[in-house]
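# Chain and residue survey
Chain by chain, the residues:
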Amino acid sequence: MSKSFLKGYNEKRDFRKTGEPRGQVLGADNETFVVQKHDATTLHYDFRIALNGVLKSWAIPKGPSTNTRDKRLAIRTEDHPLAYADFEGVIPAGEYGGGTVIVWDKGTYRSLKDSGDSSLLHQLEQEGHIAIWLEGKKLKGGYALTRTGGNQWLFVKMRDKEADALRDPVNTQPESVLTGLTIEEVRAHIFTPLMY
Ligand code: MN
């Protein structure tokens with residue numbers, strides 16, 4: 001579904017009068033989010049949400065926090081293909097993003113904003129603010145992403161029952177949600193020859 005199709009769909013309808021669904025580029029729920037721990041030149045966490053047929057992406061140097069007081073810098077990066085959400089492995093040294101990647105968390109998300117005529121895509125690309133509810137294995141609850149200028153955004157846990165100032169999942173739950181392996185173990189598995 002293209003953005004323009006839904007714009008046309010919405011413009012033809014008065015949703016105060018029709019029972020038809022409002023056209024949203026994003027489905028109301030069950031869209032994928034993923035956090036990939038990426039040990040590249042500098043360690044960071046790539047936060048991605050499936051939206052408009054791609055993975056909208058940010059690199060978070062310190063990783064996500066469950067503490068509402070933490071304002072985590074999130075640097076907007078290029079859109080990635082949807083299939084990237086399952087990628088784990090080693091990007092060869094010298095290649096773009098060279099280093100080891102694990103799927104640190106994965107699940108679904110939905111928008112928390114009553115969007116009116118503004119789609120989540122519009123909120124992200126034009127308004128520079130989204131609020132989404134995550135249902136991952138490690139990350140749950142509301143998170144806000146707010147653009148502060150250029151490619152710089154802030155990624156902040158919202159106040160709700162899932163907020164926890166003490167959990168610190170980046171440090172206490174370092175493993176892949178796909179394999180249970182840490183980034184160090186994935187690197188060792190790939191570079192250590194099997195001994196018979
Ligand atoms: Mn990365």
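The residue numbering used here restarts from 1 in each chain and proceeds along that chain's sequence as written. Under the rules for a predicted model, residues below a pLDDT of 70 receive no local features and side-chain atom pairs below 80 are neither given nor counted, while totals for whole chains, interfaces and linings still include all residues. Heavy atoms throughout the structure, all of them, feed into the side-chain values; hydrogens and water do not.

## Focus: the confidence of the model for the protein
Scored from 0 to 100, pLDDT records how confident the predictor is in each individual residue. Counting all residues, the mean pLDDT for the protein is 87, and 85% of those residues have values of 70 or more. Numbering goes from the N terminus for both helices and strands, where a helix is a DSSP run of H or I of at least four residues and a strand is a run of E of at least two. Within the protein, the element-level pLDDT minimum falls on helix α1 (residues 3–11), averaging 61, and the maximum on strand β9 (residues 152–157), averaging 98. Only heavy atoms enter the contact rule, under which two residues are in contact if any of them lie within 4.5 Å. Note on residues 1–5: pLDDT under 50 across the span, and five contacts to partners over four residues away in sequence or across chains.

## Thoughts on the coordination of the manganese ion
Distances define the donors: N, O and S atoms within 2.8 Å of the metal qualify, as do those within 3.2 Å of Na, K or Ca. Water is excluded, so some sites may look unfinished. Every protein donor of the manganese ion is accounted for by His38 (ND1), His44 (NE2) and Asp46 (OD), and the metal-donor separations fall at 2.1 to 2.3 Å. Sequence positions of the donors to the manganese ion reduce to the motif H-x5-H-x1-D.

## Let's talk about unusual backbone geometry
Of note in this structure, Asn52 is not a glycine but carries a positive phi near 60 degrees. For Asn52, the position within the fold is in the loop between β2 (43–51) and β3 (54–60). Under the scheme applied here, a residue whose accessible area is under 20% of the maximum for its type counts as buried, over 50% as exposed, and between as partly exposed, the area being computed with a 1.4 Å probe on protein chains only. Judged by its relative accessible area of 33%, Asn52 is partly exposed. A positive phi angle, close to 50 degrees, is found at Asp168, a residue other than glycine. On the secondary structure map, Asp168 appears in the loop between β9 and α3 (169–172). Looking at Asp168, the relative accessible area reads 38%, which means it is partly exposed.

## Brief notes about the nonpolar core
Formed by 23 residues in total, the largest nonpolar core has its most connected members in Phe47, Ile49 and Trp58. Put simply, the parts of the chain that give this core at least two residues each are β1 (31–39), β2, β3, β6 (99–111), α2 (120–127), β7 (129–136), β8 (140–149) and β9. By residue number, the principal contributor to this core is β2, which donates four residues. Not counting the four nearest positions on each side in its chain, Ile49 is found in contact with Thr32, Phe33, Val54, Leu55, Lys56, Trp58, Tyr109, Leu124, Ile130 and Ile132. Counting nine residues, the second-largest nonpolar core is a separate cluster that includes Leu55, Tyr84, Ala85 and Val177. Note on terminology: a nonpolar core comprises buried Ala, Val, Leu, Ile, Met, Phe, Trp, Tyr and Cys residues joined through side-chain atoms within 4.5 Å.

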